[in-house]
Amino acid sequence: MPKFQGVDFFNIESLLSEEEILVRNTVREFVDDEVLPIIEKHNRAGTFPMELAPKMGELGLMGATLPEEYGCAGLNNVSYGLMMQELERGDSGVRSFASVQSGLVMYPIFAFGSSKQKDHWLPKLAKAEKIGCFGLTEPDFGSNPGGMITRADEKSDGYILNGAKMWITNGTVADVAVVWAKLNGKVNGFLVEKGTPGFTAPEMKGKHSLRASVTSELIFQDVHIPKENRLPGGEGLRLPLSCLSQARYGIAWGAIGAAMACYDSALNYSKTRIQFGRPIGSFQLTQAKLVHMLTEITKGQLVSLQLGRLKDAGKVRFQQISFAKRNNVFHALEIAREARSILGANGILDEYPVMRHAANLESVLTYEGTHEMHTLILGEDITGVAAFE
Amino acid sequence: MKVAVCINHVPDTETKIKVSSDGVSIDKAGVNFMLSPYDEVAIEEGLKIKEKFKGEVTALSLGGDSHKETLRKALAMGVDKAVLLKDEGVRDSFGVAAGLAAELKSLSPDIILFGKQSIDYDGAQVGTLVAEMLGMPSAAVVVKMDVEDGKVFCEREIEGGHEVVETKLPAAFLAQKGLNEPRYPSLKGIMAAKNKPIEEKPAVAAEIRVETTAMKKPVPKSAGKILGTDKSVVPELIRLLHEEAKVI
Ligand SMILES: Cc1cc2nc3c(=O)[nH]c(=O)nc-3n(C[C@H](O)[C@H](O)[C@H](O)COP(=O)(O)OP(=O)(O)OC[C@H]3O[C@@H](n4cnc5c(N)ncnc54)[C@H](O)[C@@H]3O)c2cc1C
Ligand SMILES: Cc1cc2nc3c(=O)[nH]c(=O)nc-3n(C[C@H](O)[C@H](O)[C@H](O)COP(=O)(O)OP(=O)(O)OC[C@H]3O[C@@H](n4cnc5c(N)ncnc54)[C@H](O)[C@@H]3O)c2cc1C
């Protein structure tokens, strides 16, 4: 397969700064050299490529928008988005690893943690010497996390945590879990360290999607949490939701990466696959599919870029992030399915990346707010009437 | 230790090259450019020397404004200073070497590193020419380098083996792939590079001794021939390889 050269029909490159391009190219090269050669093997085995973690840390991919004093790169949001795009061009599981560590673990510690928590955790998480996970979803509370039943009870020397979380990325391999639980009826964040008595994190098996990512349950049975492990910077559902805004922003970009990989694969295939004596790319139906893919990728790129510029200017609204996540993931999945069809029977083989992306994107459509929930968020925004709650 | 690395900005190896309408240059529209891969190895070696002996690494590139992108990458990898010797025009290898040599003379580094060739015009001349212009020893196609007490011990790749050579500093070295594994610029390095200035000065003029008169694409390959799919065609295949292709 020829080396990936990017998809840029509208000269969007000219809207990027020198360092944004350099960040993208660096991560692109990293994905070509380090991720693509090993990812199918891990996807088949259902394992996360843990050998990538220290390399990703060294490159600065963890918490990349956070400041240098914690060992982070201090990137702007557009660079961060481009980095996520390239990671997900490799695999949604690899991008998920970076999203969780950055947006859902380092961000809440940075935004709501004590200075002691920040100094202790952020530099280690930045190097990926320590791995984190984010526990919000419960077996009975997914789209409606406010209903959670995991609870913390205050004791003289800390808190006692009881409950269970499900679908938690990195859970089994995490050194620290950012766990959301109700304390006196209000959602609070707690740092639960691996090995704390009463805390277990069994891996969930049997996934058809996001196979190169660890997904786990978190079980808390009378887990004693020291006082200094509560995130002191606030309480309420607003806290975990603000973390999700960070991660969703990255997913909006990441989805374009997965879509680009599928488009690139299908375009190359269509030029070389001969049926009826001609390349299948010469048939009008195939061309219509490819044009649709290119169109949606380009629209997604422009939406993401403007979203990033708004975020960098401090002017982004969470509804705009919902728009981008909803649109880009939906179309990426559609593109993956179309690419699959262009590859004919070859499309179902893991010699090509499209089926893996198509399967992965089913998770991406659901996590970080399902497609439907983002529709409702936007619906509320434009009509003023909430269809949920 | 003062190290200088001369780097070039070249079309990506995957790019499909088109000849422009003038017939003597390539059409740059839609072509991705990058740091020449051998030069990347040269930068890595410069950074390793600096990490061992302290000092400073300066990257130099002669060319137009677009070369800043490649200098920026060198800064992001960890180079301390970058100099763009500006010339938007066309130069032959001699002209490039003359421009670089003039700047290097005032910089007077202990070690000058080059790629063994830049992958655009494949001249493989600039490093050696610069060394000659500055009257210093040079070693080309270097796959191993050890610096010790003002001396450098090198292994050079030659047909079928390695040649071991030794020279005194200051000297110039032309890096071959395999000399090291170039690092990625880290995201922190990229952000730090943003604040490092790229010094710009006009490249000294040089006469052009070799002029390009035409660019030609290679003759397209003719279609392949499928003789069959089982072993009965082997004798015919051998006959054709022998008599037609004349490769065995
Ligand atoms: C691979 C993977 C990794 C994950 N990682 C994490 C993680 O690290 N941390 C974490 O906390 N969670 C994680 N999740 C959980 C994810 O966020 C939830 O799956 C998601 O929020 C949806 O919840 P649910 O699965 O319970 O679906 P449900 O909420 O049960 O939804 C089922 C369906 O009903 C629809 N629906 C629900 N309510 C409404 C409504 N009011 N109107 C219209 N339709 C509605 C949904 O859109 C969906 O289509 C992960 C999930 C997956 C698959
Ligand atoms: C799991 C599996 C089991 C199978 N089992 C069998 C089996 O038991 N026996 C058997 O014989 N075969 C079997 N097949 C093969 C199957 O029938 C072929 O995959 C199918 O006919 C498509 O052929 P192809 O994969 O070569 O795709 P191609 O023909 O290369 O098609 C690739 C793409 O080009 C499009 N295309 C092709 N020609 C045109 C055109 N003229 N105009 C517009 N678009 C065009 C197609 O629609 C498709 O999107 C199996 C396939 C799979 C995946």
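Residues numbered from 1 in each chain as written. Chains lettered and ligands numbered in written order. Predicted model: local features only at pLDDT ≥ 70, side-chain atom pairs only at ≥ 80, totals over all residues.

**Brief notes about the overall build of chain A**
Check the secondary structure of chain A and you find 10 helices and 9 strands. For chain A, whose C-alpha radius of gyration is 21 Å, the value lies close to the compact-globule estimate of 21 Å for 389 residues. With the C-alpha coordinates of chain A rotated into their principal frame, the extents come out at 80 × 45 × 40 Å. Counting all 389 residues of chain A, 51% fall into the buried class. Summarising the internal contacts of chain A: among those between residues at least 6 apart in sequence, 76% fall at separations of at least 24. (Helix = DSSP H or I, 4+ residues; strand = E, 2+ residues; numbered from the N terminus. Rg over C-alpha atoms; globule rule 2.2 N^0.38 Å. Buried ≥ 20, exposed ≤ 12 C-beta atoms within 10 Å, placed from the backbone. Contact = placed C-beta atoms within 7 Å.)

**Notes on helix α2 (residues 67-77) of chain B**
Residue and element names in this part refer to chain B. Most of α2 is tucked away, with 9 of its 11 residues classed as buried. Among all positions of α2, only His-67, Thr-70, Leu-71, Arg-72, Lys-73, Ala-74, Leu-75, Ala-76 and Met-77 are buried. Positive backbone phi, at 130°, marks Gly-78, one or two positions downstream of α2.

**A closer look at the site of ligand 1**
All names here are of chain A. Looking at ligand 1, there are 20 residues lining it, with Leu-136, Gly-142, Ser-143, Thr-370 and Glu-372 nearest. Within the residue set of the shell around ligand 1, elements represented by two or more residues are β1 (132-135), β3 (158-169), α9 (354-366) and α10 (371-383). For the shell around ligand 1, the per-class residue count stands at 10 nonpolar, 9 polar and 1 charged. Two domains share the shell around ligand 1, each providing at least three of its residues, namely domain 2 (132-229) and domain 3 (238-383). (Near = placed C-beta within 6 Å. Nonpolar A, V, L, I, M, F, W, Y, C, P; charged D, E, K, R; others polar. Domains from an automatic or database assignment.)

**Some thoughts on the interface of chain B and chain A**
With 14 residues of chain B in contact, the opposing surface of chain A contributes 19 residues. Of all elements in the fold, only α2 and α5 (187-194) of chain B reach the threshold of two or more residues within the side of chain B that touches chain A. Ranked by the residues each element gives to the side of chain B that touches chain A, the list is headed by α5 of chain B, at 5 residues. Classifying every residue of the side of chain B that touches chain A gives 6 nonpolar, 2 polar and 6 charged.

**Quick look at the domain arrangement of chain A**
How big an interface is tends to be reported as the loss of accessible area on association of its parts. Residue and element names in this part refer to chain A. Per the domain assignment, the segments making up chain A are domain 1 (12-126), domain 2 (132-229) and domain 3 (238-383). Of the residues lining the interface, 10 residues belong to domain 2; the matching set on domain 3 comes to 9 residues. Per-class residue counts for the side of domain 2 that touches domain 3 are 6 nonpolar, 4 polar and no charged.

**What to know about the nonpolar core**
The biggest cluster of nonpolar side chains holds 170 residues, and the ones touching the most others in it are Val-5 and Val-130 of chain B. In this structure Val-130 of chain B touches Ala-97, Leu-100, Ala-101, Leu-104, Ile-112 and Ala-172 of chain B, once residues within four positions along its chain are discounted. (Core = buried A, V, L, I, M, F, W, Y, C linked by C-beta atoms within 7 Å.)

**Describing the site of ligand 2**
Residue and element names in this part refer to chain A. The immediate surroundings of ligand 2 are formed by Arg-273, Gln-275, Phe-276, Ile-280, Phe-283, Leu-285, Thr-286, Ser-341, Ile-342, Gly-344, Ala-345 and Ile-348. At the level of elements, α7 (284-312) and α8 (318-342) are the ones that each hand at least two residues to the shell around ligand 2. Residue composition of the shell around ligand 2, by class: 7 nonpolar, 4 polar and 1 charged.

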